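# A closer look at the structure
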Amino acid sequence: MRILRNHHPNASVVLHRGDCLPFLRSLPARSVMLVLTSPPYNVGKTYESRSDMGTYLASQRLVITELARIVHPEGSVCWQVGNHVWHGQVYPIDSLVYRDFIDSGFRLRNRVIWHFEHGLHCTTRFSGRYETVCWFTKSDEYKFYLDRIRVPQKYPGKKHYKGPKKGQFSSNPKGQNPGDVWAIPNVKHNHPEKTQHPCQFPLELAERLILALTDPGDLVCDPYMGSGTTVAAAILHKRRAAGADILGSFVEIAEKRVRQAANGKLPRRAFGRPIYAPPANTPLTTPPWDKNGKRGPQSEQ
Ligand SMILES: C[S@@+](CC[C@H](N)C(=O)[O-])C[C@H]1O[C@@H](n2cnc3c(N)ncnc32)[C@H](O)[C@@H]1O
């Protein structure tokens, strides 16, 4: 697979090392069907220097304005973010950039809650167990293929209980709409997709959006690609991909994953696999304390 470093009209994969803003400016108008990205949250991760919120939001505004130029009229932007946290106060980033998207002409279709089970254990507020994906479209005529991402029905044997269809099965045999709360494990510790990157999102999150919002051959762009989850998912599903990251070490990880995706060797958690529910009555699922909170002798072995 040929991977280019800069935009070229015939490229199937471009992985750019550098600031995303000039990279986005190099892309032709209306050329991208989907921008799927998770920008820095301005929380002082290894790959960002924390700045005041005004500076951070001004830089995001420049990027959002550029997205309005490059996104195809039938295309979308999916902005995946969590909270900026400062002195124990929580600032939801999607709320802070919402106005910039609307002022740039985008229309919000869904604010998907991505729920996961693992993360920091807070002691002065509830532990955060979700982030959001705001899905914006450029117009009212947009690509959306629900049937490709339906999920199994909870009650496939349910029947109409009254009316002319009484007694007939009522659920869609293709599955149900996945809704706007998606439970997908986050990429931690021994997750099969884990790389050296500190905050990847899972392939399944990217794949759902790519399948629902683009066709094969469309261009998918991630201006803050990190470990390359979006670009690798795009290649898995025969889309073209363009990504940028400011750190060369992350571009290398992304390149490796894109090549693995092209060769059918990308390590991954199976698409659609249910959340793991541990079996009852094992040492791990049996409380090692009595009703007074005292630990039994076996807990010290
Ligand atoms: C939240 S991470 C993205 C993770 C990605 N979704 C994944 O699954 O691996 C944000 C990324 O943006 C990169 N970044 C920060 N500022 C940037 C900039 N101005 N231009 C391009 N990339 C930048 C960081 O190096 C980091 O890898």
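The text that follows walks through the structure, step by step, so that each part is easy to find.

In terms of regular secondary structure, the protein chain is built from six helices and ten strands. Expressed along its principal axes, the backbone C-alpha trace of the protein chain runs to roughly 65 × 60 × 40 Å. A sequence separation of at least 24 residues applies to 64% of the contacts in the protein chain between residues at least 6 apart.

All right, on to the packing of helix H2 (residues 53-70) against helix H3 (residues 93-103) then. Axis separation between H2 and H3 bottoms out at 10 Å; the angle between their running directions is 35 degrees. Relative to H3, the crossing made by H2 is right-handed. In this structure, H2 uses Leu-57, Gln-60, Arg-61 and Ile-64 to contact H3, whose residues at the interface are Leu-96, Val-97, Asp-100 and Phe-101. Residue classes in the contact of H2 with H3 are distributed as five nonpolar, one polar and two charged.

Near the ligand there are 20 residues, and of these Tyr-47, Tyr-224, Gly-226, Ser-227 and Thr-229 occur at the shortest range. Residues of the shell around the ligand, tallied by class, amount to eleven nonpolar, six polar and three charged.

Quick look at the environment of Lys-238 now. Within the fold, Lys-238 resides in the loop between helix H5 (229-236) and strand E10 (240-245). For the pair Lys-238 and Gly-217, spaced 21 residues apart in the sequence, the C-alpha separation amounts to 6.3 Å.

Attention shifts here to the sheet that holds strand E8 (residues 181-183). Sheet architecture is open: eight strands sit in the order E1-E10-E9-E2-E3-E7-E6-E8, paired in mixed fashion. Among the strands making up the open sheet, the edge pair consists of strand E1 (13-17) and E8. The mean angle between the axes of side-by-side strands here comes to 15 degrees, regardless of whether they run parallel or antiparallel. Sheet topology note: the strand E6 (residues 107-115)/strand E7 (residues 130-137) ladder contains eight bridges and is antiparallel. Within E7, the position partnered with His-115 by the bridge is Tyr-130. H2 contacts strand E2 (32-37) and strand E3 (71-81) of the sheet and is inclined by roughly 150 degrees relative to E3.

Looking at H3, one finds that the buried residues are Ile-93, Val-97 and Phe-101. Viewed along the axis of H3, the buried residues span an arc of 65 degrees, placing them on a single side of the element. Those residues of H3 that are exposed and angled more than 90 degrees off the buried face are Arg-99, Ile-102 and Asp-103. Just downstream of H3, Gly-105 is the residue with a positive phi angle, here 100 degrees.

To characterise two packed helices, one gives the angle between the axes of the helices and the distance between these axes. With their axes 8 Å apart at the nearest point, H5 and helix H6 (residues 248-262) run at an angle of 15 degrees to one another. By the angle between their axes, H5 is roughly parallel relative to H6. Two packed elements cross with a definite hand, and for H5 against H6 that hand is right-handed. Where H5 abuts H6, its residues Val-231, Ala-232, Ile-235 and Leu-236 lie against Ala-254, Arg-257, Val-258, Ala-261 and Ala-262.

Below, the discussion takes up the pairing of E2. The buried fraction of E2 is high, at six of six residues. Judged from the five bridges that link them, E2 and E3 form a sheet pairing that is parallel. Across the sheet, residue Thr-37 finds its bridge partner in E3, namely Trp-79. Of the crossover connections in this fold, the one passing from E2 over H2 to the parallel E3 is right-handed. Summarising the sheet, E2 and strand E9 (residues 219-222) pair through two bridges and their orientation is parallel. When the sheet's bridge partners are listed, Leu-34 is paired in E9 with Val-220.

A positive phi angle, close to 45 degrees, is found at His-189, a residue other than glycine. Its place among the elements puts His-189 in the loop between E8 and helix H4 (203-213). The phi torsion at Lys-238 lies on the positive side, around 65 degrees, for a residue other than glycine.

The terminal C-alpha atoms of H2 lie 26 Å apart, and with 18 residues this matches the ideal 26 Å at 1.5 Å per residue to within 8%. Its buried side turned inward, H2 meets helix H1 (20-25), E2, E3 and H3.

So, about the nonpolar core. Residues Val-32, Leu-34, Ile-210, Val-220, Val-231 and Ile-235 are the most contacted members of the largest nonpolar core, which totals 60 residues. Ignoring anything within four residues of it in the chain, the contact list for Val-220 reads Met-33, Leu-34, Leu-36, Ile-210, Thr-214, Thr-230, Ala-234, Arg-239, Arg-240 and Ala-241.

Each value, and the rule that gives it
- Residues numbered from 1 in each chain as written.
- Predicted model: local features only at pLDDT ≥ 70, side-chain atom pairs only at ≥ 80, totals over all residues.
- Helix = DSSP H or I, 4+ residues; strand = E, 2+ residues; numbered from the N terminus.
- Contact = placed C-beta atoms within 7 Å.
- Axes fitted to C-alpha atoms, helices over the stretch in contact; angles between N-to-C directions.
- Left-handed = near helix turned anticlockwise from the far one by under 90°.
- Nonpolar A, V, L, I, M, F, W, Y, C, P; charged D, E, K, R; others polar.
- Near = placed C-beta within 6 Å.
- Pairing = 2+ DSSP bridges.
- Buried ≥ 20, exposed ≤ 12 C-beta atoms within 10 Å, placed from the backbone.
- Arc of directions from axis to C-beta.
- Parallel < 35°, antiparallel > 145°, perpendicular 65-115°, else oblique.
- Right-handed = clockwise from strand over helix to strand, strands pointing away.
- Expected span 1.5 Å × (residues − 1).
- Core = buried A, V, L, I, M, F, W, Y, C linked by C-beta atoms within 7 Å.

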